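Working through the structure, step by step
Now for the letters of each chain:
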Amino acid sequence: MDNKSASTPARRYKVVCIAQVFNEIRKGNLERFLAYTLPLVDDMVVYDDGSTDGTFEFLLETPVQVLRGARNDFADEIGHKRLLLERALTLKPDYILWLDADEVLSSSNPEELQAACAWCEANSLDGAQLHELNLWRSNAWRRIDSSYDLGWFVRLWKVTADIGYETTERGLHRPQYPSSIRRVERYTPLNVLHFGFADEVNLAHKYLVYRAQGQRGYEMLDRLISEEQLELLPVVEADIPDGLSHDDARPHPISFASSLEFVERYRGQVLRPGFSIICLVYKSVEWARFLYEQVLRYTDMADKEFFFVANDASDEVLEYLRSNYIPHFEWTNTEANRSEWYINNVYRAYNFGASVARGDFLVFLNTDMAFAPGWFEALWETYDGRSAVASRLVESGKLKSGTYGIERDFGSMPSTYREEDFLAFAEEVREPGMLDGGLFMPLLMRRDLFLEVGGYPEGNIRCGSDIFSPEIALQGESLVSGDNVLIQRLASRGVAHKTALDSVVYHFQEGEKDSSADAFTSVGPRVAVCNDLVTGTMGERVLWDFLLEGLPSSVGVDSRVVGQAGRYSSLARDYITNNEPQVEVIIQNATFIDAVDPARYTIAFLQDDLRAMGRDSEQQERVLCSARMAVTNSLLTAMSYPEYDFEIVPVGVDAALFRPMDREECRRRVGIGPGTVGIFVGAFDEVKGWPEVRRSIAAFPDVTWLLVTKKDETVDEPNARVFARVPQDELAVLLNCADFFILGSPVETQCLAAIEACLCDVPVVMHNTGIFHELSDEERDRAGVFGDDLLDGVRRVLEGHFSPRDLVLEKGWTVQTSVEKWRLLLQRAFQELAAEKVGYVGPQVVDETGAVVRRERTPGSSPYKPMPPRPSLLKRHRSWAAEDLAPRLKRIGVLGPALFIWRGIRAILRIK
């Protein structure tokens, strides 16, 4: 069919654009989309899918009509399009243009879109398919391999009397256009430029979101970032709208590992919580426990973080929070501040909580609060983009209530709280809608605005005082409360104080303030650290030691405690059951011991990439499959196990032990004179690349070589000295004697010895392997010389200038950082367990039949998405071999082509 661009059509067609958006400001798409689409259409209707990054607020300042979803629901694309279509039809359009926020049309001339409408009319079509050009890591090059050039989507819909969707089935990759559109053809004069792959930010968002939806494999997931089969074409000038033309250089292909590395860099941004719920606590364990359980019972935590601010907290409260892994930050006021009116330090602590919060929105709480189902959802649904929204309080009557407050006594402390009575009363008084003004907590507001206006003043302020440069009131003086000042500050930015009448919260009033400090007695270890040995074979401190030292309420369970006898796992399980029954979480080696106790929450720590070594282990697979959480030490290891969602926590090195020392003093202690010194740490075998290292020793006879080994072995080289089985403190001295560190191993999972050298500010010479493989070229240049030619590396390292310690500290490859990451993982694990214990009661919803139901979770079930069931090892190999073995082998070829070809052959043979 001839679809050459028509001349100016005889009539003008009214075109309404529809689009779905979610956090598009964070991805850098929204302004471009509006700037290049609004001039082409008569109206636009946008469905905001629960954005928290300012997208919704930005849209309110444009001529766009906005529909707002209160909860991000990526899988309900068709349901959202139905709502968009219904609203668009009220604008009486002739045609609907569907675009996403990361897309623009290839022309900035409105007549081109009018011509497409005229073409549909002339050919009696219901719609037009437009070709999608997928820009790849640039604004000037498009990708054409791996189905990237096959996208022809029905973007232009003719409005007819029967236009609509027959079904709104949930899920990804559903047909996006109405079922009433049947006759469509491809229209070539107009294309769609897709920016969803044009930069690392958007690529990371797509990959992580699709992975979270359960997508796996090359076609469904990995091709979103993989460049194994990369083919690019330049975007022709005619397909770039005015003002968007770029002379970007052709992107050079990068390895899959490099792609995963930038995904990991953006993980925190993509998966950051939308909301931070913050509560102060200072002396009562009882109130802290009560509030935490209330939040978990009545709040869907999927996109939220909760934490306490321990405000000059008692030792008992701190011990309770630490030993139970309850998220918290410690805030300590100065002695001068402590002598002030206590309310001043309360406001300071809330301001501190806002400063460390990760969410886009803040919700402040008191410990003496209890919640009705849907309290949070009502706050968020009431939020209109220009408000700070408070809950409606039911207060005990201990103090006079305020605006919209209801005085009704349902108890004065946790032990006397009549929860069922309050919940029944909350159902009676809750009603839709919002009113101006109200009380001050719980209060939902944008974090950036809270910080912009300076948060709370550091106390109540004197009447008549400037709200931005206030005079802090003393007790007894006429004052304006700090809460009112915050509301006034927000109002100066156009933010109105509102109350959500269906967000009902009970306020005990002065609960913790009037309670006495209560004691907390720890019930014993709650975390078992399980390995055959939890210390080094030579008595050196290893990760397991540091975990036991750094993680509260933990106990080590190894073969020295339970015995070995070839059945460590069962012995450890019996030991924990009989001696440490309060243990709820097990951290265990994922490789060399079986699952200790699958009935307990297990975190499997994978240090050994057996797949990369061609040594697949059914035992390792069983442990990984049964674990609730999987952790590994490097991205490279995680790549070998793509079906698992790993948390990546480098083992790390003790930065306090391995540190720069006076080189001359260290050499004097060891008995080394002036001259160049190189150091090797590892066994004298091929695994550590000893043959290459030995050639370097021979090639540089003027270098003094220090050879450090854990074994009782020696070597006959005139310019080498062997140090066998030295303690770690002596190793630190030896490293400080050296001008460079050398390692010949072609495959490393982490390479701790090299990190130890770097922390001593000694540059390294080694292959590009281990955790260093995850670095950029510029970062590796700071650590030393990497490549296949070690002899050349030695020459270059002696001529270069490096800053390896600074690099390692920046990357967090220290045991101190590692232990802190483990602590945060345990906070997540214990929060999951706590939520399972208390059960979850959600807001009322209407089901498919129109009946009103309530989302509930009984104690013992979990609101958190568990790790998906994994197929058996044999099935996985069949899948890899039958579907996409070739690209996988190409991807991981960096680890040693010969090794992985052999592994691929083994996988293919298993198909039979």
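It should be emphasised that the depicted structure is a prediction, and the values quoted were computed from it without experimental measurement. (Residues numbered from 1 in each chain as written. Predicted model: local features only at pLDDT ≥ 70, side-chain atom pairs only at ≥ 80, totals over all residues. Heavy atoms only, no water.)

1. Let's talk about the overall build of the protein chain
A tally of regular secondary structure across the protein chain gives 31 helices and 36 strands. Buried positions account for 57% of the 912 residues belonging to the protein chain. Restricting to contacts in the protein chain with at least 6 residues of sequence separation, those with at least 24 account for 73%. (Helix = DSSP H or I, 4+ residues; strand = E, 2+ residues; numbered from the N terminus. Buried < 20%, exposed > 50% of the residue type's maximum accessible area, 1.4 Å probe, protein only. Contact = heavy atoms within 4.5 Å.)

2. Let's talk about the side chain of Ser 146
Residue placement: Ser 146 occurs in the loop between strand 7 (141-143) and strand 8 (152-158). The class of Ser 146 is buried, set by a relative accessible area of 12%. Polar contacts involving the side chain of Ser 146 include one to the side chain of Tyr 218, which spans 2.9 Å. The contacts of Ser 146, once residues within four sequence positions are left out, are Tyr 218, Arg 223 and Gln 229. (Polar contact = N/O pair within 3.5 Å; in protein donor to acceptor, adjacent residues only side chain to side chain.)

3. So, helix 23 (residues 690-699)
Every buried residue of helix 23 is accounted for by Trp 690, Val 693, Ser 696 and Ile 697. All buried residues of helix 23 project into a common sector of 115 degrees when viewed along the axis, lining one side. When the buried face of helix 23 is taken as reference, the exposed residues oriented beyond 90 degrees from it are Arg 695 and Ala 698. Its buried side turned inward, helix 23 meets strand 29 (677-681), strand 30 (704-709), strand 32 (740-742) and helix 27 (790-797). (Arc of directions from axis to C-beta.)

4. Remarks on the packing of aromatic side chains
By the definition in use, this model includes 50 aromatic pairs. Seen from their ring centres, Tyr 641 and Phe 646 are 6.2 Å apart, and the 80 degrees between their planes marks the pair as edge-to-face. Under the relative-accessibility criterion, Tyr 641 is labelled buried at 0%. Here Trp 705 and Phe 740 contribute two aromatic rings whose centre-to-centre distance is 5.5 Å and whose plane-to-plane angle is 85 degrees, an arrangement assigned as edge-to-face. (Phe/Tyr/Trp six-rings, centres within 6.5 Å; stacked < 30°, edge-to-face > 60°.)

5. A closer look at unusual backbone geometry
Cis geometry marks the peptide bond from Met 441 to Pro 442; its omega dihedral reads 0 degrees. With respect to the helices, strands and loops of the structure, Pro 442 is situated in the loop between strand 18 (434-436) and strand 19 (443-446). With a phi angle near 50 degrees, Asn 23 is a residue other than glycine that sits in the positive phi range. Take Asn 23: it is sitting in the loop between strand 1 (15-21) and helix 1 (24-27). Here Asn 23 falls in the buried class, since its relative accessible area comes to 6%. Unlike most non-glycine residues, Tyr 404 shows phi in positive territory, near 65 degrees. Inspection of the secondary structure puts Tyr 404 in the loop between strand 16 (387-395) and strand 17 (406-407).

6. Topic: the sheet that holds strand 34 (residues 784-786)
Here we have six strands laid out as an open sheet, ordered 31-30-29-32-33-34, and parallel in their pairing. This sheet does not close on itself; its edge strands, each paired only once, are strand 31 (720-724) and strand 34. On average, adjacent strands in this sheet sit at an angle of 20 degrees to one another, irrespective of strand direction. Two strands pair when backbone bridges link them, and strand 32 and strand 33 (residues 764-766) are joined in this way by two bridges, in the parallel orientation. (Pairing = 2+ DSSP bridges. Axes fitted to C-alpha atoms, helices over the stretch in contact; angles between N-to-C directions.)

7. Concerning the packing of helix 25 (residues 752-759) against helix 28 (residues 804-811)
Two elements in contact, helix 25 and helix 28, have axes whose closest approach is 7 Å; the angle formed by their N-to-C orientations is 115 degrees. Residues Ile 755, Cys 758 and Leu 759 of helix 25 touch helix 28, and the partners they reach there are Pro 804, Arg 805, Val 808 and Leu 809. Within the contact of helix 25 with helix 28, the residues separate by chemical class into six nonpolar, no polar and one charged. (Nonpolar A, V, L, I, M, F, W, Y, C, P; charged D, E, K, R; others polar.)

8. Remarks on the nonpolar core
Ranked by internal contacts, the top residues of the largest apolar core, which has 85 residues, are Phe 306, Phe 308, Phe 364, Leu 365 and Phe 422. For this core, the element with the most residues is helix 8 (residues 285-298), which contributes nine residues. Residues Ile 672, Val 733, Ala 754 and Leu 790 belong to the second largest nonpolar core, which totals 59 residues. (Core = buried A, V, L, I, M, F, W, Y, C linked by side-chain atoms within 4.5 Å.)

9. Some points on the pairing of strand 2 (residues 43-49)
Each regular strand shows side chains that alternate between the opposite faces of the sheet. Within strand 2, six of the seven residues are buried, leaving the element largely enclosed by the surrounding structure. Sheet topology note: the strand 1/strand 2 ladder contains six bridges and is parallel. By the bridge assignment for strand 2, Ala 19 is matched with Val 46. Pairing between strand 2 and strand 3 (residues 65-69): five bridges, direction parallel. Its bridge partner lying in strand 3, Val 46 is registered against Val 66.

10. What to know about helix 17 (residues 543-550)
Residue pairs three or four apart in sequence face the same way in an α-helix, which turns once every 3.6 residues. Taken as a whole, helix 17 has its buried residues at Leu 543, Trp 544, Asp 545, Phe 546 and Leu 547. Residues of helix 17 that are buried in the fold lie against strand 23 (527-530), strand 24 (554-557), strand 25 (585-589), strand 26 (601-606) and helix 29 (815-838).

11. Structural notes on the environment of Pro 189
Note that Pro 189 resides in strand 9 (residues 184-194). For Pro 189 and Ala 238, which are 49 residues apart along the polypeptide, the C-alpha to C-alpha distance reads 9.7 Å.

12. What about the sheet that holds strand 28 (residues 646-648)?
Read from one edge to the other, the open sheet built from six strands follows the order 24-23-25-26-27-28, with strand pairing classed as parallel. The open sheet terminates on both sides in strands that have one partner only, identified here as strand 24 and strand 28. Recorded for the sheet is a direction-independent mean angle of 25 degrees between the axes of neighbouring strands. Sheet contacts for helix 19 (residues 568-579): strand 23, strand 24 and strand 25; angle to strand 24, the most-contacted strand, approximately 145 degrees.

13. A short note on the packing of helix 6 (residues 200-212) against helix 7 (residues 256-270)
Two quantities define a packed helix pair, namely the angle between the axes and the distance from one axis to the other. The geometry of helix 6 relative to helix 7 is characterised by a closest axis approach of 8 Å and an angle of 85 degrees between their N-to-C directions. Relative to helix 7, helix 6 is oriented roughly perpendicular. For the pair helix 6 and helix 7, contact is made by Glu 200, Val 201, Leu 203, Ala 204, His 205, Tyr 207 and Leu 208 and by Phe 256, Leu 260, Phe 262, Val 263, Arg 265, Tyr 266, Arg 267, Gln 269 and Val 270, respectively. In terms of residue class, the contact of helix 6 with helix 7 is made up of eleven nonpolar, two polar and three charged. (Parallel < 35°, antiparallel > 145°, perpendicular 65-115°, else oblique.)

14. Topic: the pattern of salt bridges
Summed over the entire model, instances satisfying the criterion amount to 54 salt bridges. As a salt-bridge pair, Asp 94 and Arg 11 come within 3.1 Å of each other at their nearest N and O atoms. You can see Asp 94 sitting in the loop between helix 4 (77-89) and strand 4 (95-98) and its partner Arg 11 sitting in the segment before strand 1, a full 83 residues away along the chain. Its relative accessible area of 23% is what places Asp 94 among the partly exposed residues. (Salt bridge = Lys/Arg side-chain N within 4 Å of Asp/Glu carboxyl O.)

15. Looking at the confidence of the model for the protein chain
Averaged over the protein chain, the pLDDT score is 87; the fraction of residues at 70 or greater is 89%. Throughout residues 857-912 the model reports pLDDT below 50, and contacts reaching past four residues in sequence, or to other chains, amount to 106 contacts. (pLDDT = per-residue confidence, 0-100.)

16. Notes on the side chain of Thr 769
As for its placement among the helices and strands, Thr 769 is situated in the loop between strand 33 and helix 26 (777-783). With relative accessibility at 4%, the residue Thr 769 sits in the buried group. For Thr 769, the contacting residues outside a window of four places in its chain are Ser 745, Pro 746, Val 747 and Glu 748.

17. A closer look at the environment of Met 661
When you line up the elements, Met 661 lands in the loop between strand 28 and helix 22 (663-670). Placed 99 residues apart in sequence, Met 661 and Cys 760 show a C-alpha to C-alpha distance of 7.4 Å. Those residues in contact with Met 661, other than ones at most four positions away along the chain, are Cys 666, Ala 732, Val 733 and Asn 736.

18. Let's talk about the environment of Asn 311
Mapped onto the secondary structure, Asn 311 falls in strand 12 (residues 304-311). With a relative accessible area of 9%, Asn 311 lands in the buried category. Considering only alpha carbons, one finds Asn 311 and Phe 329, 18 residues apart in sequence, at a separation of 8.6 Å. In this structure, Asn 311 is in contact with Leu 280, Val 281, Tyr 282, Trp 331, Asn 333, Asn 345, Val 346 and Ala 349, ignoring residues within four places of it in sequence.

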